[in-house]
Amino acid sequence: MEGILTALQQAHQLAAGGALWPGFDLADIPIVIYDRAEALLVGHPAPPPGYEPAGTVAGRAMHRGATLPEMAANTAAPVNGHLSALVSLPDAGPADEAAFVRLILHEAFHVFQQTALSAMPRMDQDSMRVMSEYPENDAANNAMAVVENQLLARALAGEDGAAAAFLAMRQHRHRRLVRLDREEVVIYEQTVEWVEGTPTYIELRAGAEREALAERLRQHSRGGQNAALRRFYDTGAAQALLLDQYAPGWQAALRSGATLQALLAEAVPQPWPTVNQVVVNEGFAGILEAEEQAEAQRRERIAALLRALEEGAGVRVEVHLPPQVTGVMWDPTNLLNIGPGRRLHTRFCGALGPGGLKVTIEALCLEEWGPGGRRFTFRLPVMPTVHRGADANALADPPGATGGPLVVQGGWLSVTAPSGRCEVGDGSLQIWVACA
């Protein structure tokens, strides 16, 4: 507990007076630190029922109570009607206190984005759809992104002309996507660079290692690695850092429709090289060949993972969700897009829905979705336990029955639903959950 209070105090001190971003100060942002059982609210104007006073930190009142269903990710979300910064606490507590301080700042900045900078883009369901269909298996797109990433890393190191070369390569790749009728991907990339790149920039301003950022940039997009989401945290942060260099005070120029890329294009004074010059200078032909080989290996990996789900040991489990459940949880570092409506999670995924519905899966999982809803398919070592009210192990339900409240627990699986049914087969379990 003492370490958490120290981290909260440090986070408030780092952001005080807009030191990290003009107008960004934790003093007016509700913060929720939570684990599986308990949550600590800091500066929340209306603590939920059952929360009790728990002292103060950084001059702000704290309240403690049971973790609520909406506390299910590191994000910004309403808690009892007030937008709050949600920060998940590992079971063993923060392993790195400085990183935990920066995580608090990251999630608090998401609240600031939605309140003080509401004219800027936000991630919505359409963004989630584009992310799930991102062309991370397009070797040419990955190769051009690899060039962009390494140019950004060299620009951060001060290499003359690297920022201009990045902009030339980025523009060329985006024009290709438009020609392929994928303009929505261009908009998506720039949206994520704003939504997740600027909080990552806040972390860097608060002491995160810039060389670590450069190293991540050098690895992103190779073989499709982090191509669909995670790399844009870093490409956005890198562009923001370059704006500090080329256009100090650039935050004042933010306006509806602005992108970090457009602001950087306005600020970089050097003329852009031609794309042919960038291609030759960066050895693009070799990079493209490597990406084509990596894509073949990636397809083989996906095929092996799908075989493991289809033929592996243990119990095959399917969880079926209705269309109204749109709150999907995932780890951006363990996503593999297969194609429209299909993706693999290599170790974690889940969903949140109305009525306290929550599904958590900590295993290799295939997610599929369409107009009829969403399905998670995975394997467990043994058959999980099913509770229907006071009745445990009531695995089979009559066909068509929805039953009452449903709880399923089994090692890597946790399901809590206001309603649902189960069907058990030979080494298999199917779970249909409903929101009411």
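Note that the coordinates shown come from a computational prediction; the quantities given were computed from them, not determined experimentally.

Thresholds, definitions, all that
Residues numbered from 1 in each chain as written. Predicted model: local features only at pLDDT ≥ 70, side-chain atom pairs only at ≥ 80, totals over all residues. Heavy atoms only, no water. Helix = DSSP H or I, 4+ residues; strand = E, 2+ residues; numbered from the N terminus. Rg over C-alpha atoms; globule rule 2.2 N^0.38 Å. Buried < 20%, exposed > 50% of the residue type's maximum accessible area, 1.4 Å probe, protein only. Contact = heavy atoms within 4.5 Å. Areas by Shrake-Rupley, 256 points an atom, 1.4 Å probe, with all protein chains shown as cover. Lys, Arg positive; Asp, Glu negative; His and termini not counted. Charge placed at Lys NZ, Arg CZ, Asp CG, Glu CD. Salt bridge = Lys/Arg side-chain N within 4 Å of Asp/Glu carboxyl O. Pairing = 2+ DSSP bridges. Axes fitted to C-alpha atoms, helices over the stretch in contact; angles between N-to-C directions. Phe/Tyr/Trp six-rings, centres within 6.5 Å; stacked < 30°, edge-to-face > 60°. Polar contact = N/O pair within 3.5 Å; in protein donor to acceptor, adjacent residues only side chain to side chain. Core = buried A, V, L, I, M, F, W, Y, C linked by side-chain atoms within 4.5 Å. Parallel < 35°, antiparallel > 145°, perpendicular 65-115°, else oblique. Left-handed = near helix turned anticlockwise from the far one by under 90°. Nonpolar A, V, L, I, M, F, W, Y, C, P; charged D, E, K, R; others polar. pLDDT = per-residue confidence, 0-100.

**A look at the overall build of the protein**
Of the regular secondary structure elements, the protein holds 12 helices and 20 strands. Scaling as 2.2 N^0.38, a compact globule of 436 residues should have a C-alpha radius of gyration of about 22 Å, and the protein matches this with 23 Å. Each of the three principal axes of the protein carries a C-alpha extent, and together these read 70 × 55 × 35 Å. The proportion of buried residues among the 436 residues of the protein is 50%. Put simply, of all contacts in the protein between residues at least 6 apart along the chain, 64% involve residues at least 24 apart. In the structure as shown, the protein presents an accessible area of about 18,400 Å², 52% of it carried by carbon and sulfur atoms. Considering the protein, the positive charge centre built from 35 side chains and the negative charge centre built from 49 side chains are found 3 Å apart.

**Observations concerning the pattern of salt bridges**
Per the counting criterion, the structure on display carries 28 salt bridges. Of the charged contacts, one joins Arg182 and Glu184 as a salt bridge, the two residues approaching to 3.8 Å between their closest N and O atoms. Judged by its relative accessible area of 29%, Glu184 is partly exposed. A salt bridge links Glu295 to Arg299, with the nearest nitrogen and oxygen atoms 3.6 Å apart. Within this pair, Glu295 and its partner Arg299 are both found in helix 12 (residues 284-311), separated by four residues, close to a single helical turn. Among the ionic contacts, a cluster of salt bridges with common partners joins Glu148, Arg170, Arg173, Glu189, Glu193 and Arg231.

**Considerations on the sheet that holds strand 7 (residues 315-321)**
Ordered by their spatial adjacency, seven strands build an open sheet running 9-10-13-14-7-20-19, and the pairing between neighbours is mixed. Of all strands in the sheet, those with a lone pairing partner are strand 9 (335-339) and strand 19 (419-425), marking the two edges. Put simply, the sheet's adjacent strands are angled 20° from each other on average, direction ignored. Sheet analysis places strand 13 (residues 365-370) next to strand 14 (residues 373-380), joined by six bridges and oriented antiparallel. Counterpart to Cys365 in the pairing with strand 14 is Phe378. Against the sheet, helix 3 (residues 125-132) makes contact with strand 9, strand 10 (342-345) and strand 13, and its axis sits at roughly 80° relative to strand 9, the strand it touches most. Sitting on the sheet, helix 12 is in contact with strand 7, strand 9, strand 10, strand 13 and strand 14, with an inclination near 95° to strand 9.

**Describing the packing of aromatic side chains**
Following the criterion strictly, the structure yields 11 aromatic pairs and no others. With centroids separated by 6.0 Å and ring planes inclined at 70°, the aromatic side chains of Tyr134 and Phe232 adopt a geometry described as edge-to-face. You can see Tyr134 sitting in the loop between helix 3 and helix 4 (139-156) and its partner Phe232 sitting in helix 9 (residues 230-246), a full 98 residues away along the chain. Given the relative accessible area of 2%, Tyr134 is considered buried. Residue Phe232 is classed as buried on the basis of its relative accessible area of 0%. Ring geometry for Tyr201 versus Trp250: centroids 5.9 Å apart, planes at 65°, classification edge-to-face.

**Focus on the environment of Leu68**
By secondary structure assignment, the location of Leu68 is in the loop between strand 4 (60-66) and strand 5 (75-79). Not counting residues within four places of it along the chain, the set of residues in contact with Leu68 comprises Pro48 and Tyr51.

**As for the sheet that holds strand 2 (residues 38-42)**
Hydrogen bonds along the backbone pair up the strands of a sheet, which may run parallel or antiparallel. Taken in spatial order, the six strands of this open sheet run 3-4-2-1-6-5, and their pairing is mixed. Here the strands that pair on one side only, and so sit at the sheet edges, are strand 3 (52-57) and strand 5. When the angles between neighbouring strand axes are averaged without regard to direction, this sheet yields 30°. Across four bridges, strand 3 lies against strand 4 in antiparallel orientation. Bridging from a neighbouring strand, Pro53 pairs with His63 of strand 4. Each of strand 1 (31-34), strand 5 and strand 6 (82-88) touches helix 2 (residues 97-116); the most contacted strand, strand 6, lies at about 160° to it.

**Comments concerning helix 3**
Counting along an α-helix, one turn takes 3.6 residues, and residues three or four places apart therefore face a common direction. Looking at helix 3, one finds that the buried residues are Ser127, Val130, Met131 and Ser132. Where the residues of helix 3 are buried, they touch helix 6 (183-195), strand 8 (327-330), strand 9, strand 10 and strand 13. Capping the start of helix 3, Asp124 holds a side-chain oxygen 3.1 Å from the backbone nitrogen of Asp126, two or three residues further along.

**Some words on the nonpolar core**
With 74 residues, the main nonpolar core has Trp21, Phe24, Ile33, Ile104 and Leu105 as its most contacted residues. Tallying contributions element by element places helix 4 first for this core, with nine residues. Leave out the neighbours within four places in its chain, and Trp21 touches Phe109, Phe112, Leu117, Trp194, Thr198, Tyr201, Ile202, Trp250, Gln251 and Leu254. The next biggest cluster of nonpolar side chains, apart from the first, holds 27 residues, and it includes Val359, Cys365, Leu380 and Cys435.

**A closer look at the packing of helix 4 against helix 8 (residues 210-219)**
Taken N-terminus to C-terminus, the directions of helix 4 and helix 8 make an angle of 160°; their axes are 7 Å apart at the nearest point. With respect to helix 8, the element helix 4 is oriented roughly antiparallel. Pair helix 4 / helix 8 crosses with left-handed handedness. Seen from helix 4, the contacting residues are Asn149, Leu152, Ala153 and Leu156; seen from helix 8, they are Leu213, Ala214, Leu217 and Arg218.

**Comments concerning the packing of helix 6 against helix 7 (residues 197-205)**
For the pair helix 6 and helix 7, the least separation of the axes is 3 Å and the interaxial angle reads 35°. Each of Val192, Glu193, Trp194 and Val195 in helix 6 lies in contact with helix 7, whose residues at this interface are Gly197, Thr198 and Pro199. Its residues assigned to classes, the contact of helix 6 with helix 7 shows four nonpolar, two polar and one charged.

**A word on the confidence of the model for the protein**
Counting all residues, the mean pLDDT for the protein is 92, and 96% of those residues have values of 70 or more. Taken as a whole, residues 390-401 scores under 50 in pLDDT and shows 21 contacts with residues more than four places along the chain or in a different chain.

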